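Working through the structure, step by step
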Amino acid sequence: MLWVDKYKPKNSSELVGDPKKIKKVVEFVSNYNKQKKKALLLYGPNGIGKSCFGYAIANELNLEVMELNA
């Protein structure tokens, strides 16, 4: 097993960052059907953990991930 796979965060409590923003994204995703806005865009430079963030939240909420790249 690769080191990066072994130690990647499994849920939002293991993510490092602004706890308020992490909580806001988790609430958005968990209440997706009730939201008026139906999109969430994660952006930033390469290697800062955007995909890792998405996968950790999806894993926590038992959601399937469909990843699209340019």
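The present account deals with the structure reproduced in this document. (Residues numbered from 1 in each chain as written. Predicted model: local features only at pLDDT ≥ 70, side-chain atom pairs only at ≥ 80, totals over all residues. Heavy atoms only, no water.)

**A short note on the nonpolar core**
Generally speaking, a soluble globular protein has its nonpolar side chains buried in company with each other. Counting residues in hydrophobic clusters, the biggest one holds seven residues: Leu15, Ile22, Val25, Val26, Phe53, Ala56 and Ile57. Contributions of two or more residues to this core are made by helix 2 (19-30) and helix 3 (50-60). Contacts of Val26, omitting those with residues within four sequence positions, involve Ser12, Ile57, Glu60 and Leu61. (Core = buried A, V, L, I, M, F, W, Y, C linked by side-chain atoms within 4.5 Å. Buried < 20%, exposed > 50% of the residue type's maximum accessible area, 1.4 Å probe, protein only. Helix = DSSP H or I, 4+ residues; strand = E, 2+ residues; numbered from the N terminus. Contact = heavy atoms within 4.5 Å.)

**Some remarks on the packing of aromatic side chains**
Working definition: an aromatic ring pair is given by the centre-to-centre distance plus the angle between the planes. For the coordinates displayed, the defined rule picks out two aromatic pairs. Ring geometry for Trp3 against Tyr7: centres 5.6 Å apart, planes inclined by 50°, an arrangement best described as tilted. This pair shows no difference in class: Trp3 is exposed, exactly as Tyr7 is. Residues Phe28 and Tyr32 carry aromatic rings whose centres are separated by 6.3 Å and whose planes lie at 80° to one another, so their mutual orientation is edge-to-face. Cation over ring: Lys38 sits above Tyr32, and NZ or CZ is 4.8 Å from the ring centre. (Phe/Tyr/Trp six-rings, centres within 6.5 Å; stacked < 30°, edge-to-face > 60°. Lys NZ or Arg CZ within 6 Å of the ring centre and 35° of its normal.)

In short, shape yes, function no, at least from these values alone.
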